[in-house]
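Examination of the molecular architecture
Okay, here's what each chain looks like letter by letter:
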Amino acid sequence: MKGVCGYRQFFSLEQISEQKFIMSPQLVPCGSTFVPFPRLQPSVSDSRKRVQVEFYMNENTFKERLKLFFIKNQRSSLRIRLFNFSLKLLSCLLYIIRVLLENPSQGNEWSHIFWVNRSLPLWGLQVSVALISLFETILLGYLSYKGNIWEQILRIPFILEIINAVPFIISFWFVFQIFWPSLRNLFVPVFLNCWLAKHALENMINDLHRAIQRTQSAMFNQVLILISTLLCLIFTCICGIQHLERIGKKLNLFDSLYFCIVTFSTVGFGDVTPETWSSKLFVVAMICVALVVLPIQFEQLAYLWMERQKSGGNYSRHRAQTEKHVVLCVSSLKIDLLMDFLNEFYAHPRLQDYYVVILCPTEMDVQVRRVLQIPMWSQRVIYLQGSALKDQDLLRAKMDDAEACFILSSRCEVDRTSSDHQTILRAWAVKDFAPNCPLYVQILKPENKFHIKFADHVVCEEEFKYAMLALNCICPATSTLITLLVHTSRGQEGQQSPEQWQKMYGRCSGNEVYHIVLEESTFFAEYEGKSFTYASFHAHKKFGVCLIGVRREDNKNILLNPGPRYIMNATDICFYINITKEENSAFKNQDQQRRSNVPRSFYHGPSRLPVHSIIASMGTVAIDLQDTSCRSTSGPTLSLPTEGSKEIRRPSIAPVLEVADTSSIQTCDLLSDQSEDETTADEEISSNLEYAKGYPPYSPYIGSSPTFCHLLHEKVPFCCLRLDKSCQHNYYEDAKAYGFKNKLIIVAAETAGNGLYNFIVPLRAYYRPKKELNPIVLLLDNPPDMHFLDAICWFPMVYYMVGSIDNLDDLLRCGVTFAANMVVVDKESTMSAEEDYMADAKTIVNVQTLFRLFSSLSIITELTHPANMRFMQFRAKDCYSLALSKLEKKEREKGSNLAFMFRLPFAAGRVFSISMLDTLLYQSFVKDYMISITRLLLGLDTTPGSGFLCSMKITEDDLWIRTYARLYQKLCSSTGDVPIGIYRTESQKLATSESRETASQDWTSSLVSRKYSVNHLKSQISISVEEWEDTKDSKEQSHHRSNHRNSTSSDQSDHPLLRRKSMQWARRLSRKGPKHSGKTAEKITQQRLNLYRRSERQELAELVKNRMKHLGLSTVGYDEMNDHQSTLSYILINPSPDTRLELNDVVYLIRPDPLAYLPNSEPSRKNSICNAVAQDSREETQL
């Protein structure tokens, strides 16, 4: 009996065949190791002795044990090769000693070539080294023998070993037998052992890599081989020429070295030359060998160098331990992605000494290579071509020593789910290789988010995208607000512009979110023990900072505007919006202001300097302190200006209390909807029966945050969710037939992904009044899945329709003519264009068509590339857009990260790119709270006690407040709201060329209708049709006609009578002959003028109306649609307190959680739909 790998037998076959055995695993010894193998055990019914069988993975023979020690075992093999390398170097050293000790003999006999003078001790050492080397070579040849002996004998290392060792052994034999004692002086070319040493060095390096489980750079190995080859050539040439010149010039080793260097460097001085033909032949042979060997080595080195340039090499362990670096893992690196990351990452001062290691599986792009050659980035950025799934590449990037790892998904792929799967595998690989490395992961689909819950920070693109699109419909330009907050800016943009709005907009864009501990802060330390609203108002009044949230020391949850009941503690972490963080600020007290002759002012006087309009810089910002003298505990008072002309007393602003009055808060029921008081009893009963409040019973994906929403008592049948199809429950086939009270919100998307669920939830949140809920229509290219319909069938007034924005009929059926907002989501199928920037081409053209057809429609668009925002609402002859384009180029040249911010569609919140939110993930490395704050602002997360983002509009009744500071006080003292910014709309001062062209057309047509003038009689005659009267009788008319026939051959300029006759002829010609009456001619003229005056927009309006009539839709709701191209909108984040309020300003508010004011708020948040709160939240702020 024989096994595959060898065995030990302790029993006979008959004994085994007679027994019944069962198998059980056991570790049994195999030589010096243990291998698992089943152990035979007798059954319980059998009482015979157990038999143990030992199997061995290797044959238990002496040859196998030697092979294991000398060849297979890495560590022992490394020791053997190191010993062999030492022997070869020792033999070369002994040869040099023999040459140095030898006296040059006189004469030119050839015997000096074959015989040398060798001392007995030196000979004994050389014989010993030769015996050991030969024995080792024969042993290794025997162990590596594979059946072909000639393969072992004809190897060059074996031949060299025989040449260098056998003569010494023969001389030892003859000398020992005293047959030929002088044989020990036989010349042996021992210097050839340098090649054997080179061969041993190569094997030793390979064994070293295997022993320590580390793969060094192939470039290092090739360089080592090249250097060793060059040294061996030079050493062989030195020793060969020195020995052959024993019968010539008697060169020593130094002269031979000099000759070799001069020869191999192609200098060739000629002062040292070989004389004998043998030495000359040897030099020729060595040069030929060098011409063959060295180019091959250099070629391999150059190839490896080029490959290293592509792959990026390694990041050394020493640098990783002494420097700080982060790793960026991407599928494909584009120049836009790289520059966004570098600009945002290095915008923070404390990250200037960090290094960025990019790990990408693709070859470096040409543009990326060009950028990384810039000195500013070449010293900081290291590009490694490799995969995050390979431990070797992670080791090259020193992932275990990295400060953080950023894993970004490729959003330019058609299959975004596949891109997420690659991201998930990368995250798993990094977590497995470096468990302690912080992970910052970007994911595309929300259903894949739960796979990477272990990551420290996760940004789901579709969650943020749809939440921002939803809030854009109720809080205008929310996407612009969030984008500006998560971008690092110094507030320097637009400061050189002549336009005032660009200066204000650019300065306020420098505001960001910062944090500081209360007791360590100059801004907030004095408000310990006081309410949150009191601290927020007075900090803004005194320092111009906007306190938006806090976090307890023992709690991980951030609370945005916890309300007036929240008392500030010394250990609280305060989150505030400011132009720069407090640590980079310097303060001026009141005495210093007086010394510098700065006038002290308060909020009353118009001459007060804008204290908080200071431009931030990378250095220190000076902030003026207001009067810090003691005031009454009742808080500050802001007096109103006295107006003698008006005797009516205007309403006053109550002070913000240090500690909230419990009774006043209880009377302010924020969950009550004031608008419900105006409804009748029947409407109120039907409304309460229709809607309820609770948590959605079904979520389309794992990981969605539960949100308290308006829900239906019973889910809607799937057939009723289809807007354009009637069913047995309703007979409506278009949006107009439903008779909605509020305008629609239409979402045009390719598919109903799970991220679209996050668009519906913020619009159906419990704090939105029922009276103001807008119907939502999903215009989808592909029918939605059943699980998505299960999720949306519980929400009121949510419908879908299969269609496309390419089709005008689909747009009209879904109710675009009376929609409040049209949201256009970038399609996934267009993202994989041959040219990257062409991925938005279809979306841009479709939106431009919508803009032309429905100019008053508020269109919110998502693009893939921010650079394409300049094509939104494109006008080729718009001089103002051209001026903004020049401004954008100037800001980009100055190094601005927000050069696109002055584009009117972006400033107004009409367009945004989800790639702009990549900076949110980058900022989280410095500000680990930014993702949480952004999710709370967008409504993606709901924390008990945390407020929500909403807005209010400034009307004529609110203009008495006058300034932003007074509005801040009014909101904090009445409702507890905290304002964070203003959305302002102004008239566009610079008229566009299109508007000038239209005005020119109107002026021309009016000129035609009023007067015809004679201008340049030789070339042109202008005739007034309406003001010319028939003052001549028919006889005179016939006379003019006869004169006209004779006037064609004469010069009209020389005859005034002919000129008068010509004008009369032109007048009669314009009336289309004498048969038409005056009224008919006037009617024809009017129709002609109407056709002339009709603009392109009127033609488009006629086209839309004709299509509506063809579809059987009523055109009553369709307006001619005013064009809004004469207005511009922009955002002022945390404006200065003295900013004047204007009519139609929209103020962004963080409103306290209404449920926080209920006595049993916690149980109510856990109730189901049946136990949900029946009252709505109050949306409109009463000032």
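Up top you'll find the structure we're talking about.
Predicted, not measured: the structure shown is a model, and the values here were computed from it.

Reading guide: rules and limits
Residues numbered from 1 in each chain as written. Predicted model: local features only at pLDDT ≥ 70, side-chain atom pairs only at ≥ 80, totals over all residues. Heavy atoms only, no water. Salt bridge = Lys/Arg side-chain N within 4 Å of Asp/Glu carboxyl O. Helix = DSSP H or I, 4+ residues; strand = E, 2+ residues; numbered from the N terminus. Buried < 20%, exposed > 50% of the residue type's maximum accessible area, 1.4 Å probe, protein only. Contact = heavy atoms within 4.5 Å. Pairing = 2+ DSSP bridges. 1 Å grid on protein atoms, 1.4 Å probe; cavity = no way out; pocket = protein on both sides within 12 Å on 5 of 7 lines; lining within 4 Å. Points joined across faces, edges and corners; volume = space filled by probe spheres on them. Nonpolar A, V, L, I, M, F, W, Y, C, P; charged D, E, K, R; others polar. Phe/Tyr/Trp six-rings, centres within 6.5 Å; stacked < 30°, edge-to-face > 60°. Patch = residues over 30% accessible without salt bridge, like charges linked within 9 Å, V, L, I, M, F, W, Y side chains within 5 Å. Areas by Shrake-Rupley, 256 points an atom, 1.4 Å probe, with all protein chains shown as cover.

1. Let's talk about the pattern of salt bridges
- Under the definition given, this model contains 23 salt bridges.
- With a shortest N-O distance of 2.9 Å, E512 and K927 are connected by a salt bridge. Here E512 is found in strand β11 (residues 512-517), whereas its partner K927 is found in the loop between α32 (918-923) and α33 (930-938), with 415 residues between them in sequence. Grouping residues by exposure puts E512 and K927 together as buried.
- In the salt-bridge network here, residues are joined through shared partners; they are R416, K445, E461 and E462.

2. Concerning helix α34 (residues 964-974)
- In terms of burial, α34 is a largely internal element, 9 of the 11 residues being buried.
- On its buried face, α34 sits against α21 (532-543), β12 (546-551), β25 (948-953), β26 (978-987) and β28 (1146-1151).

3. Comments concerning unusual backbone geometry
- Positive phi, close to 60°, is recorded for A477, a residue that is not glycine.
- Turning to its location among the elements, A477 is positioned in the loop between α18 (461-474) and α19 (478-486).
- We classify A477 as buried; its relative accessible area is 2%.

4. Some details on the sheet that holds strand β13 (residues 559-560)
- Taken together, the 4 strands give an open sheet; going across it, the order is β11-β14-β12-β13, and neighbouring strands pair in antiparallel fashion. The strands lining the two open edges of the sheet, one partner per strand, are β11 and β13.
- Of the pairings in the sheet, the one linking β11 to strand β14 (residues 573-578) comprises 6 bridges and is antiparallel in character. Counterpart to V513 in the pairing with β14 is I577.

5. Focus on the layout of surface pockets
- A volume near 1100 Å³ is recorded for the second largest pocket.
- Sorting the residues of the lining of the second largest pocket by element identifies α13 (335-345), α30 (879-893) and α32 as the ones contributing at least two each.
- Tallying contributions element by element places α13 first for the lining of the second largest pocket, with 7 residues.
- Of the residues that constitute the lining of the second largest pocket, the class distribution is 14 nonpolar, 16 polar and 12 charged.

6. Comments concerning the packing of aromatic side chains
- Counted according to the given criterion, the structure contains 37 aromatic pairs.
- The interplanar angle of 70° and the centroid separation of 6.5 Å between the aromatic rings of W501 and F902 together place this pair among those described as edge-to-face. Note that W501 is positioned in helix α20 (residues 500-508) and F902 in the loop between α30 and α31 (904-907), a separation of 401 residues in sequence.
- Overall, the relative accessible area of 1% leaves F902 in the buried class.
- On the numbers, 5.1 Å between centres and 55° between planes, the contact of Y738 with Y799 is tilted.

7. Considerations on the environment of L1100
- Structurally, the position occupied by L1100 is in helix α39 (residues 1096-1110).
- Measuring from C-alpha to C-alpha, the distance between L1100 and F854 comes to 8.9 Å, with 246 residues separating the pair along the chain.
- For L1100, the contacting residues outside a window of four places in its chain are R852 and L853.

8. Brief notes about the pairing of strand β27 (residues 1127-1133)
- In terms of residue burial, β27 counts as a mostly covered element, since 6 of its 7 residues are buried.
- Strand direction decides the pairing type here: β26 and β27, joined by 7 bridges, are antiparallel. Pairing of I982 across the sheet is with L1132, part of β27.

9. Digging into a nonpolar patch on the surface
- Together, Y145, I149, W150, I153, L154, I159 and I163 make up a nonpolar patch on the protein surface, roughly 670 Å² of accessible area in all.
- Counting only elements with at least two residues in the nonpolar patch, the list comes to α6 (149-153) and α7 (156-176).
- You can see I163 is positioned in helix α7.
- Residue classification places I163 among the partly exposed residues on the basis of a relative accessible area of 36%.

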